Amino acid sequence: LILAFVRLTSIYDLTDILWPTQIYYIPIYEVILVVMMLVALGITISTNNRWTAIAALGVVGYGVAILFAFYGAPDLSITQILVETLTLIMLPLR
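Before we go on, may I ask you to explain the side chain of Glu 30 in this structure?
Tracing the sequence through the fold places Glu 30 in helix H3 (residues 28-46). Within polar-contact distance, the side chain of Glu 30 engages the side chain of Tyr 71 at 2.9 Å. Residues in contact with Glu 30, not counting those within four places in the same chain, are Phe 70 and Tyr 71.

Shown next as structure tokens:
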């Protein structure tokens, strides 16, 4: 087992995994969006009102669609918007 680990570490340089050499920048608008989604998730879990839970769940879904758009996946973003819209229309009818 030790020889296999030594062999793997000699093949692959694990220094970037253990200690990254780059610090990645996260834009503030993404942080704000994720915080809004987490707040909406907390509201969804903690509320007793069905309409409030549906609206907060919609905020989470549309937030995911916006994140998809930020990361350059317009096809996923459009799909998420369509699914979220249908969910928000069909869920209250239940």
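For this particular structure, what's the right way to read the packing of helix H4 (residues 50-70) against helix H5 (residues 74-90)?
To characterise two packed helices, one gives the angle between the axes of the helices and the distance between these axes. Two elements in contact, H4 and H5, have axes separated by 8 Å at closest approach and are oriented at 170°. Relative to H5, the element H4 is oriented roughly antiparallel. Of H5, the residues touching H4 (which contributes Ile 54, Leu 57, Gly 58, Gly 61, Tyr 62, Val 64, Ala 65, Phe 68 and Ala 69) are Leu 76, Ser 77, Gln 80, Ile 81, Glu 84, Thr 85 and Leu 88. Residues that form the contact of H4 with H5 fall into these classes: 10 nonpolar, 5 polar and 1 charged.

I keep staring at H5 and nothing clicks. Help me out?
Note on helix geometry: an α-helix contains 3.6 residues per turn, so any two residues three or four positions apart are oriented the same way. Between its terminal C-alpha atoms H5 stretches 24 Å, which fits the 24 Å expected from 17 residues at 1.5 Å a residue. If you check which residues of H5 are buried, you get Ser 77, Gln 80 and Glu 84. One side of H5 carries all its buried residues, which in axial view fall inside an arc of 65°. In H5, the exposed positions that point more than 90 degrees away from the buried face belong to Asp 75, Ile 78, Leu 82, Leu 86 and Met 90. On its buried face, H5 sits against H4.

What exactly am I supposed to notice about the packing of aromatic side chains here?
Each aromatic ring pair is characterised by the separation of its centres together with the angle its planes make. A full pass over the atoms with the stated rule returns 1 aromatic pair. Measuring from centroid to centroid gives 4.8 Å for Tyr 29 and Phe 70, while their planes differ by 65°, and the two rings are edge-to-face. Taken as a pair, Tyr 29 in helix H3 and Phe 70 in helix H4 lie far apart in primary sequence, 41 residues in all. Exposure remark for Tyr 29: the relative accessible area of 46% places this residue in the partly exposed category.

How should I be thinking about the packing of H3 against H4 in this particular structure?
As a packed pair, H3 and H4 sit with axes 8 Å apart at the nearest point and diverge in direction by 155°. What the angle tells us is that H3 and H4 run roughly antiparallel. In this structure, the crossing between H3 and H4 has a hand that is left-handed. For the pair H3 and H4, contact is made by Tyr 29, Glu 30, Leu 33, Val 34, Met 36, Met 37, Ala 40, Leu 41, Ile 43 and Thr 44 and by Thr 52, Ala 53, Ala 56, Leu 57, Val 59, Val 60, Gly 63, Val 64, Ile 66, Leu 67 and Phe 70, respectively. A breakdown of the residues in the contact of H3 with H4 according to their chemical character gives 17 nonpolar, 3 polar and 1 charged.

Reading the values: the criteria
- Residues numbered from 1 in each chain as written.
- Predicted model: local features only at pLDDT ≥ 70, side-chain atom pairs only at ≥ 80, totals over all residues.
- Heavy atoms only, no water.
- Helix = DSSP H or I, 4+ residues; strand = E, 2+ residues; numbered from the N terminus.
- Polar contact = N/O pair within 3.5 Å; in protein donor to acceptor, adjacent residues only side chain to side chain.
- Contact = heavy atoms within 4.5 Å.
- Axes fitted to C-alpha atoms, helices over the stretch in contact; angles between N-to-C directions.
- Parallel < 35°, antiparallel > 145°, perpendicular 65-115°, else oblique.
- Nonpolar A, V, L, I, M, F, W, Y, C, P; charged D, E, K, R; others polar.
- Expected span 1.5 Å × (residues − 1).
- Buried < 20%, exposed > 50% of the residue type's maximum accessible area, 1.4 Å probe, protein only.
- Arc of directions from axis to C-beta.
- Phe/Tyr/Trp six-rings, centres within 6.5 Å; stacked < 30°, edge-to-face > 60°.
- Left-handed = near helix turned anticlockwise from the far one by under 90°.

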